[in-house]
Amino acid sequence: MAKPIAAVVGTGFIGPVHVEALRRVGVQVKGIVGSSPARSRQAASQLDLDVGYPSIEALLADSEVNVVHLASPNRLHKEQVLACLKAGKHVVCEKPLAMDTAEARELLAASRRHPKLVCAVNYNVRFYPISLEARSLVRSGEVGEIYHLHASYTQDWLLYPTDFNWRVLAAEGGALRAVGDIGTHLLDLLGFVCGVEVEAVMADLRTVHPVRIRPGAGPSDTFGRKAKRAGVPVNIDTEDYGSILLRFKGGAKGVVTVSQVCAGRKNCIRYEVAGSKCALAWNSESPDELWIGRRGASNALRLRDPSQLDPSAAAFTSFPAGHVEGYPDTFKQLYRAVYQDISASRRSARPLYATFEDGYRELVLCDAIAESHRTGSWAKVSN
Ligand SMILES: NC(=O)c1ccc[n+]([C@@H]2O[C@H](COP(=O)([O-])OP(=O)(O)OC[C@H]3O[C@@H](n4cnc5c(N)ncnc54)[C@H](O)[C@@H]3O)[C@@H](O)[C@H]2O)c1
């Protein structure tokens, strides 16, 4: 196909992260669009892009652009993905893929109607090189049978009732918030690393702040500086915290906790996987280190050292050991995988990046989690 030329939708927290990562892998980014022509122009100027599109329609009409990255609020994903596919553009959509399972099913069907277009979901955490290394240890049998795992994803940016963002409203982000926003990252990661599939869940969620103060007119971008504007109280219908017991097909069990009200934890992902031969543990705050726990020998710390990693992990790391690769690097490595397919004009049979099938699966899991919390009992994950 013609050389990939990308454009980005969304000028808030994550849109500029996409722009930076694309530039780092050598993909030309032509322009960006935000919630108004003025915001688009401002973002284009700040990011030194050629075009601040007045609307997404104008972006889609640009025949030079053949890949669109959607970094807009969740409620816009469905319409924007459908419009991109109709316009013949490859899509990289931020997570969660859609607001609910019905929307995600529609997007999955649309992606199947356009098999020549790459349709990826931006589950970037898969692309920490240590995620790939842990995955290769599980796949090679070195971990043995997985008995159980426990994992968490914790943040503090919504700790106070005066913290506000579109996500806290179910109508804008989806019925589940901590689970949908960061829990799906974690569940996607565990499935990717451990090759396990959840068959049933038992969830206990909590809305710590049933009322939050919504600032007056103006944007409240994610992780943005706190608005000084006077606000109004708003009832909150999404959870701040959740713990979920998991049963996996094949017998493994697990538990995950997610929280956006955990003081001091800015963006902390942790997991520990217990297998019959060894255990693996990782913490995103020390992203280059994989702890390997053993019963009959010394424990070990495997570093992100390209010369020591399995080739499947070494292929997605760019710096020598000791030169830490972190969050922004995961976007870069993810796009290397995605753009290999885009440049080849075909979808890999089993890509490392998350597809719309994976994105759909996460929303099916969210349905089961919501049902379990509502009924106070175990819920089966629908097939
Ligand atoms: N992969 C990750 O690590 C990660 C991190 C943060 C957010 N996200 C996801 O990225 C998406 C955006 O989240 P965010 O945190 O950047 O939100 P944000 O509120 O910071 O930014 C959203 C942007 O979308 C723009 N926007 C609003 N309406 C629009 C429209 N009609 N057309 C075009 N742009 C419009 C707004 O101007 C705003 O700049 C969400 O789906 C979120 O779940 C992913």
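Up top you'll find the structure we're talking about.
Residues numbered from 1 in each chain as written. Predicted model: local features only at pLDDT ≥ 70, side-chain atom pairs only at ≥ 80, totals over all residues.

*Asks:* I would appreciate a short explanation of the overall build of the protein in the present structure.
*Replies:* Within the protein, the regular secondary structure consists of 11 helices and 18 strands. Its C-alpha radius of gyration of 20 Å places the protein within 12% of the 21 Å reference for a compact globule of 383 residues. On the principal axes, the C-alpha backbone points of the protein span a range of 65 × 50 × 40 Å. Looking at the protein as a whole, 48% of its 383 residues are labelled buried. Across the protein, contacts joining residues at least 24 apart in sequence account for 68% of those joining residues at least 6 apart. (Helix = DSSP H or I, 4+ residues; strand = E, 2+ residues; numbered from the N terminus. Rg over C-alpha atoms; globule rule 2.2 N^0.38 Å. Buried ≥ 20, exposed ≤ 12 C-beta atoms within 10 Å, placed from the backbone. Contact = placed C-beta atoms within 7 Å.)

*Asks:* Would you take a moment to explain the site of the ligand for this structure?
*Replies:* Inspection of the region around the ligand gives 25 residues, with Gly12, Ile14, Ser35, Glu94 and Thr222 positioned closest. For the shell around the ligand, the residue count by class is nine nonpolar, 11 polar and five charged. Two domains each put at least three residues into the shell around the ligand: domain 1 (5–124) and domain 2 (126–323 + 360–375). (Near = placed C-beta within 6 Å. Nonpolar A, V, L, I, M, F, W, Y, C, P; charged D, E, K, R; others polar. Domains from an automatic or database assignment.)

*Asks:* In this structure, what is going on with the environment of Ser343? I would like to understand it.
*Replies:* Residue position: Ser343 is located in helix H10 (residues 327–344). When the C-alpha positions of Ser343 and Ser372 are compared, they lie 43 Å apart, and in sequence the two are 29 residues distant.

*Asks:* Can you walk me through the nonpolar core in this structure?
*Replies:* The nonpolar side chains of soluble globular proteins are, as a tendency, buried together. Counting 107 residues, the largest nonpolar core has Leu186, Leu190, Leu280 and Ile369 as its most contacted members. At 10 residues, helix H8 (residues 178–194) tops the list of elements feeding residues into this core. When neighbours within four sequence positions are excluded, Leu280 is seen to be in contact with Ala134, Leu137, Val143, Val273, Leu290, Trp291 and Ile292. Within the second largest apolar cluster, five residues are counted, among which are Leu158, Phe164, Val168 and Val261. (Core = buried A, V, L, I, M, F, W, Y, C linked by C-beta atoms within 7 Å.)

*Asks:* So what exactly am I meant to see when it comes to helix H11 (residues 356–375) here?
*Replies:* In an α-helix, one turn spans 3.6 residues; hence positions three or four apart end up facing the same way. Given a rise of 1.5 Å per residue, 20 residues ought to cover 28 Å, and the 29 Å separating the end C-alpha atoms of H11 matches this to within 8%. Most of H11 is tucked away: 14 of the 20 residues are buried. Downstream of H11 by one or two residues, Gly376 has phi in the positive range, about 70°. (Expected span 1.5 Å × (residues − 1).)

*Asks:* Would you take a moment to explain unusual backbone geometry for this structure?
*Replies:* Most peptide bonds take the trans configuration, and most residues that are not glycine carry a negative phi. Going from Lys95 to Pro96, the amide bond is cis rather than trans, its omega being -15°. Turning to its location among the elements, Pro96 is positioned in the loop between strand S5 (90–93) and helix H5 (101–113). Despite not being glycine, Asp48 shows a phi value in the positive range, around 60°. With respect to the element layout, Asp48 can be found in the loop between helix H2 (37–47) and strand S3 (51–52). The backbone phi angle of Ser345 is positive, close to 55°, even though this residue is not glycine. Relative to the helices and strands, Ser345 is located in the loop between H10 and strand S17 (354–355). On the basis of neighbour counts, which here come to 13 C-beta atoms within 10 Å, the residue Ser345 falls in the partly exposed class.

*Asks:* Sorry if this is basic, but what is going on with the sheet that holds strand S6 (residues 119–121) here?
*Replies:* Backbone-to-backbone hydrogen bonds pair the strands of a sheet. The strands run either parallel or antiparallel. With respect to topology, seven strands assemble into an open sheet ordered S3-S2-S1-S4-S5-S6-S17, the strand pairing being mixed. Each having just a single partner strand, S3 and S17 make up the two edges of the open sheet. Summarising the sheet, strand S2 (residues 28–33) and S3 pair through two bridges and their orientation is parallel. Note on S3: the bridge partner recorded for Gly31 is Val51. (Pairing = 2+ DSSP bridges.)

*Asks:* What's the story with the packing of helix H6 (residues 129–139) against H8 in this structure? I'm lost.
*Replies:* What describes two packed helices is the angle between their axes and the distance between those same axes. Closest axis-to-axis distance for the H6/H8 pair is 7 Å, and the angle between their directions is 45°. Regarding the angle of H6 to H8, the classification is oblique. Taken together, the residues of H8 that come into contact with H6 (itself represented by Ser131, Ala134, Arg135 and Val138) are Leu189, Phe192, Val193 and Cys194. Across the contact of H6 with H8, the residue classes break down as six nonpolar, one polar and one charged. (Axes fitted to C-alpha atoms, helices over the stretch in contact; angles between N-to-C directions. Parallel < 35°, antiparallel > 145°, perpendicular 65-115°, else oblique.)

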